[in-house]
Amino acid sequence: MYEWTEGERLGRFAQDGVTRISERTYRAIEALAMSGRVPRDLFIFERRRTGLVVRLGPYAGLFRLGETVVELLPNIGSTREESRAYLWDMVNGADVVPRVLREDAAQATSHEALATFGIDAFVRATERLARCGLVGTYERTSRNRGVIRGAIDWQATLAKTYGRRDQFFTKADDWTNERAAHRLLKRALLVARRHEAYRNRADRLLVGTFRSIDETGQIDPLLAPPNETYERALHYARLLLSDTDTRFIRGRDALPSALIRLPHLFERYACRTVAKAYEANGWTASFQESTHSLVDGHFTLRPDLVVRKGDDVIVCDAKWKKVSASRGRSYGVDRNDMYQLHAYAERYGARDVVLLYPSAQREANKLVFENERVTFHLHFLPGGMDEMLLSSFER
């Protein structure tokens, strides 16, 4: 398994700031980029003096490169454990993934690779489902039963057993476990058993509960679970199959890969974390509102979060960017972000505006810039959350 980081550069030749990869791996990346099975901006090709270099886009999660699984982590923190821990924090605090995935992410450890986490969660959910029993159904079938049961199927009897008085076909309702959800789960179990650590557990399910299930044929990837017991297992089955089994794809209903776009994830995580804290203290929160424009009727403003209490207004915007005190007097803050916040303050009549940035540090961490009318607060999540709240802004 490869472990790469968002923003990392990969190339076939050794050079500064570039991780060297084999020619075979580079060709596999090219093929995957052109296949349409991953987001277009996952691989960004750059031309350098020594040849093309691939820069990994702002995503985190898993994708398959040939026969190898790639774990892509956010570029934050000094170790992979810190990067995974921050990713779990964001997944747990946002709502861009299904509820059952957030519940499991809350219990994940930073030492557990994403691929291991997904497979382990799937096998545990399927074992729990097997203990409860698969949901079956009655299905009308016509077959040669050897005894009269149900109604005689004269057409099948004449066509298939003509001249044989000892055989006849009948139509009757038979109990069966053949459901699309069970075929999906069995197909995912066959993927899970490729991993040595889970082979025995997957085999027990395959030769036991799922022994009679035929996994062949197409499946609607958007099928609804038969009941709540199936929900968690089906979510992880879709993740395992999304890039490993092309037969699972049906027409335009192609599953998304197991990748999350980091700017979107951080925006949801940061804004919902801040909004919850303010709402607990009597403020009201509004996400992505578009009530103001830069010029009357033109250039609509859409801040990530606006919180209000009486006449006080605070506008917040989240940016998935790295800011550091070692990057000069402006700390590496993009001036366009400051101009954007100033426009928000002007049109919303806000005295305080906030930029939310990611940080793996848990201690309080913030910067403040101000002019004669507006105070610009730069806060880093998750560190400094307690200090950031009402004590920073209420007067």
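Preceding this paragraph is the structure being described.
## Things to note about the overall build of the protein chain
Helix and strand counts for the protein chain come out as twelve helices and 19 strands. Counting across all 395 residues of the protein chain, residues that qualify as buried make up 46%. Of the contacts formed within the protein chain by residues at least 6 apart in sequence, a portion of 61% connects residues at least 24 apart. With an accessible surface of roughly 21,000 Å², the protein chain has 47% of that area assigned to carbon and sulfur atoms.

## Details of the packing of aromatic side chains
Considering all chains together, one arrives at nine aromatic pairs under this definition. Where F266 meets Y269, the ring centres are 6.3 Å apart and the plane angle is 55°; that geometry is what we call tilted. Note that F266 and Y269 are positioned in helix α9 (residues 262–279) at a spacing of three residues, about one turn of the helix. The same class applies to F266 and to Y269, which are both buried.

## Some details on the pairing of strand β6 (residues 59–65)
β6 sits mainly inside the fold: seven of its seven residues count as buried. Neither face of β6 is open: one carries Y59, G61, F63 and L65, the other A60, L62 and R64, and all of them are buried. Here three bridges tie β6 to strand β11 (residues 259–261), and the two strands are oriented antiparallel to one another. Each residue of the ladder has a partner; that of Y59, found in β11, is R261. Where β6 lies against strand β7 (residues 68–73), five bridges are found, and the strand directions are antiparallel. Within β7, the residue paired with F63 across the bridge is V70.

## Some words on the sheet that holds strand β3 (residues 19–20)
In spatial order, the strands read β3-β2-β5-β4; together these four strands make up an open sheet with mixed pairing. Each edge of the open sheet is held by one strand with a lone partner, namely β3 and β4 (43–48). With six bridges connecting them, β4 and strand β5 (residues 51–56) associate as antiparallel partners. Across the sheet, residue F45 finds its bridge partner in β5, namely V54. Lying on the sheet, helix α1 (residues 23–35) is in contact with β2 (9–11), β4 and β5; it crosses β4 at an angle near 125°.

Reading the values: rules and limits
Residues numbered from 1 in each chain as written. Predicted model: local features only at pLDDT ≥ 70, side-chain atom pairs only at ≥ 80, totals over all residues. Heavy atoms only, no water. Helix = DSSP H or I, 4+ residues; strand = E, 2+ residues; numbered from the N terminus. Buried < 20%, exposed > 50% of the residue type's maximum accessible area, 1.4 Å probe, protein only. Contact = heavy atoms within 4.5 Å. Areas by Shrake-Rupley, 256 points an atom, 1.4 Å probe, with all protein chains shown as cover. Phe/Tyr/Trp six-rings, centres within 6.5 Å; stacked < 30°, edge-to-face > 60°. Pairing = 2+ DSSP bridges. Axes fitted to C-alpha atoms, helices over the stretch in contact; angles between N-to-C directions.

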